[in-house]
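So the chains spell out like this:
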Amino acid sequence: MIILGIVGSPRRNGRTAQLAQAALEGAAAQGAQTRLIYLVDYALRPFTGQGNAEEAETFCPETLSLLCEEADALVLGAPVYYGDINGLTKDFMDTVRIRNSNGKPALGFAIAGGSGKGLLSGVQSIYHWFYHRQFRAIDPTPVSRFNMAEAVASLRQSGARLVEEVVKFQPFPGRARDDRWADVLAHYATLPYFDADPVDEFFLLARQLLACRRGNAPEETLALAQADYDRALALLQEGQRPEAGRLAVRAYERLYYRG
Ligand SMILES: Cc1cc2nc3c(=O)[nH]c(=O)nc-3n(C[C@H](O)[C@H](O)[C@H](O)COP(=O)(O)O)c2cc1C
């Protein structure tokens, strides 16, 4: 069994690589053979043809497509640039050929290593791709600087879970791609974050900051941020989304740190 980790960042020693390694460690601990590759090592090109998806596949280096087809499961990680995955990862997603993607287990994460904004929209992009290619994806993992340690730990567990998914490999039923959408959709409807919006994203960031700043931010600042967060949550439950969003931003800004 081969689990392939794919690093979408051009930086070899950055956070994307660290997180992908954690997922592969989890898989290796369950006995899987693992491979880690860096997209920057392949001559990926943006699709500039005139044809369809089949023509797009001719833009991807054959070795990269073969590695993905040979793998029993994929781990795909991307850095977040301006609220979405970076272009290198998107070029890979647009052009790679994976004929046997139906039901193949997959795990993805996006790391928004600056302000944190885009950690949800980034991971959504990866899971939209998994969905369209009919992978059987698990555990979408949104990451920022504020939950790095937790994400490393949870990706280790997800990597181990990926091995279990390979063992019970289950393609979605149906002969052709278009026969499978009902089952594919039902699977993705069970995953978190598919329906999340930017308000949810600020709530998540505020929660992450509240957790990671405990013990190293002034008590008074923490209390103010917690009060904003609690009020934001109450407003959300009353259906007052725009006002709830404003307060979630304020909670986040009270605790946000640079560097
Ligand atoms: C062009 C560019 C745009 C970026 N935009 C964002 C962003 O929208 N949100 C964020 O949190 N970080 C942003 N960052 C920071 C990266 O997400 C961060 O450096 C991340 O750690 C990169 O992953 P790496 O360490 O694997 O290279 C941006 C970085 C670059 C180069």
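### Re the domain arrangement of the protein chain
Taken domain by domain, the protein chain consists of domain 1 (2-188) and domain 2 (198-255). Put simply, the middle of domain 1 and the middle of domain 2, counted by C-alpha atoms, are 30 Å apart. Of the residues lining the interface, 9 residues belong to domain 1; the matching set on domain 2 comes to 7 residues. Contributions of two or more residues to the side of domain 1 that touches domain 2 are made by α5 (119-132) and β6 (136-144).

### Regarding unusual backbone geometry
Look at Y82: it is not a glycine, yet its phi comes out positive at around 45°. Assignment of secondary structure puts Y82 in the loop between β3 (73-81) and β4 (84-85). With a phi angle near 45°, D139 is a residue other than glycine that sits in the positive phi range. By the element assignment, D139 lies in strand β6. On the basis of neighbour counts, which here come to 19 C-beta atoms within 10 Å, the residue D139 falls in the partly exposed class.

### Some points on the packing of helix α8 (residues 198-213) against helix α9 (residues 219-237)
Between α8 and α9, the least distance of the axes is 11 Å, while the angle of their chain directions is 150°. One finds that α8 runs roughly antiparallel with respect to α9. Two packed elements cross with a definite hand, and for α8 against α9 that hand is left-handed. Contacts from F203, A206, L210 and R213 in α8 reach L222, A225, Q226, Y229 and A232 in α9. The class makeup of the residues in the contact of α8 with α9 is 7 nonpolar, 1 polar and 1 charged.

### Quick look at the site of the ligand
In the vicinity of the ligand lie 18 residues, with G14, P79, A112, G113 and G114 positioned nearest. Elements with a minimum of two residues in the shell around the ligand: α1 (15-29), β3 and β5 (105-112). Examining the composition of the shell around the ligand, we find that 3 residues originate from one element, β3, more than from any other. By residue class, the composition of the shell around the ligand is 6 nonpolar, 9 polar and 3 charged.

### Regarding the nonpolar core
A110, A206 and A248 are the most contacted members of the largest nonpolar core, which totals 69 residues. When residues are assigned to domains, this core turns out to be shared by domain 1 (2-188) and domain 2 (198-255), each giving three or more. Those residues in contact with A110 that lie beyond four places of it in its chain are A78, V80, I85, L119, G122, V123, I126, P142 and V143.

### What about helix α6 (residues 148-167)?
The terminal C-alpha atoms of α6, which comprises 20 residues, lie 29 Å apart, in line with the 28 Å expected from a rise of 1.5 Å per residue. If you check which residues of α6 are buried, you get A151, L155, S158, G159, L162, V163, E165 and V166. Down the axis of α6, the sector holding all buried residues measures 155°, keeping them to one side. The exposed set on the far side of α6, more than 90 degrees from its buried face, consists of A149, E164 and V167. Those residues of α6 that are buried are in contact with β1 (2-7), α1, β3, β5 and β6.

### Comments concerning the environment of A153
Inspection of the secondary structure assignment puts A153 in helix α6. Expressed as a C-alpha distance, the spacing of A153 and Q21, which sit 132 residues apart in the sequence, is 11 Å.

### Considering the environment of L19
Along the chain, the position of L19 falls in helix α1. It is 9.8 Å that separates the C-alpha atoms of L19 and G5, two residues lying 14 residues apart in sequence. Setting aside its immediate chain neighbours within four residues, L19 contacts G77, F109, I111, V143, A151, V152 and L155.

Each value, and the rule that gives it
Residues numbered from 1 in each chain as written. Predicted model: local features only at pLDDT ≥ 70, side-chain atom pairs only at ≥ 80, totals over all residues. Domains from an automatic or database assignment. Contact = placed C-beta atoms within 7 Å. Helix = DSSP H or I, 4+ residues; strand = E, 2+ residues; numbered from the N terminus. Buried ≥ 20, exposed ≤ 12 C-beta atoms within 10 Å, placed from the backbone. Axes fitted to C-alpha atoms, helices over the stretch in contact; angles between N-to-C directions. Parallel < 35°, antiparallel > 145°, perpendicular 65-115°, else oblique. Left-handed = near helix turned anticlockwise from the far one by under 90°. Nonpolar A, V, L, I, M, F, W, Y, C, P; charged D, E, K, R; others polar. Near = placed C-beta within 6 Å. Core = buried A, V, L, I, M, F, W, Y, C linked by C-beta atoms within 7 Å. Expected span 1.5 Å × (residues − 1). Arc of directions from axis to C-beta.

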